[in-house]
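Here are the chains, one letter per residue:
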Amino acid sequence: MKRKLSLLLIMVVALSLVSLAPATAKKPLEGAMELEFNLNFATTWPCNHITWAGTVDLDGNLYEMIFVPTGAKDVGSAHHFWEDWLIYPYDEDNPLFEWGDFEPRVLVGCDPGEVSPVLWGTDKGVSPPNSTYRMNGTIDGAEPPFEEWLGRNVHMSGTIEWYDDAALPWFGAPHFAPGVFRAN
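Residues numbered from 1 in each chain as written. Predicted model: local features only at pLDDT ≥ 70, side-chain atom pairs only at ≥ 80, totals over all residues. Heavy atoms only, no water.

Trainee: Describe the layout of surface pockets, with residues and values.
Mentor: Estimates place the volume of the largest pocket at around 400 Å³. Around the largest pocket sit 20 residues that line it, and Phe37, Trp52, His79, Phe81 and Glu83 are the ones nearest its centre. For the lining of the largest pocket, the secondary-structure elements that each account for two or more residues are strand E1 (29–37), strand E3 (61–75), strand E4 (78–89) and strand E8 (132–142). Here the lining of the largest pocket is built from residues that sort into 15 nonpolar, 4 polar and 1 charged. If you add up the space inside the second largest pocket, you get close to 160 Å³. In terms of lining residues, the second largest pocket is bounded by Glu36, Ala53, Gly54, Thr55, Glu64, Met65, Tyr90, Pro95, Phe97, Trp99 and Arg105. Those elements that provide at least two residues to the lining of the second largest pocket are strand E2 (52–58) and E3. For the lining of the second largest pocket, the element with the most residues is E2, which contributes 3 residues. (1 Å grid on protein atoms, 1.4 Å probe; cavity = no way out; pocket = protein on both sides within 12 Å on 5 of 7 lines; lining within 4 Å. Points joined across faces, edges and corners; volume = space filled by probe spheres on them. Helix = DSSP H or I, 4+ residues; strand = E, 2+ residues; numbered from the N terminus. Nonpolar A, V, L, I, M, F, W, Y, C, P; charged D, E, K, R; others polar.)

This is the structure in structure tokens:
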């Protein structure tokens, strides 16, 4: 009898602890990314170190985001890449990264000056031939209001949209990459 009572007590305690875990678990940091490819990438123009730039919405607040490649390799028809990413506060009246007003749109300003990123990290990703992308990495640095996310895993995925006007010299180049940023 004592053994059955002890076993029942252990099960009640275990079940109560299991039911507490979801209540204390942190909700993932997640938001929509709106990215545009910098056709100045790898040229002699300003901002040629940035491949993608745009915005990400985190917790209902808009931030600026950039990607800087650190390596790449094509395996079959899949493009594998390594990159640094940085997220900065966004000021609609004074954006840190400025797109030119001409076609193709290219980054013409990319100096954040004294403004520091609020989140930054590295990732490794793949873009298969179906115009999607996905990458996984870590948050290597975090400032307020994101300090608790330092060291966490990050996942990004989305779809690549291409320039599709065959009359343009940049036909077939990447154009937009809407997607989702998620940190666990």
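Trainee: I'd like to hear about the environment of Gly109, residue by residue, with values.
Mentor: Structurally, Gly109 is set in strand E6 (residues 107–109). In this structure the C-alpha to C-alpha distance between Gly109 and Leu96, which are 13 residues apart in sequence, comes to 7.5 Å. Setting aside chain neighbours within four positions, we find Gly109 in contact with Cys47, Leu96, Phe97 and Glu98. (Contact = heavy atoms within 4.5 Å.)

Trainee: Before we move on, can you summarise unusual backbone geometry with the specific residues and values?
Mentor: Geometrically, the link from Pro144 to Pro145 is a cis peptide bond, its omega value of 10 degrees lying close to zero. Looking at the secondary structure, you find Pro145 in the loop between E8 and strand E9 (153–159). The backbone phi angle of Ala42 is positive, close to 65 degrees, even though this residue is not glycine. Counting through the fold element by element, Ala42 comes out in the loop between E1 and E2. For Ala42, a relative accessible area of 62% gives the class exposed. Phi at Ser131 is positive, roughly 65 degrees, even though this residue is not glycine. Among the secondary structure elements, Ser131 is positioned in the loop between strand E7 (119–127) and E8. (Buried < 20%, exposed > 50% of the residue type's maximum accessible area, 1.4 Å probe, protein only.)

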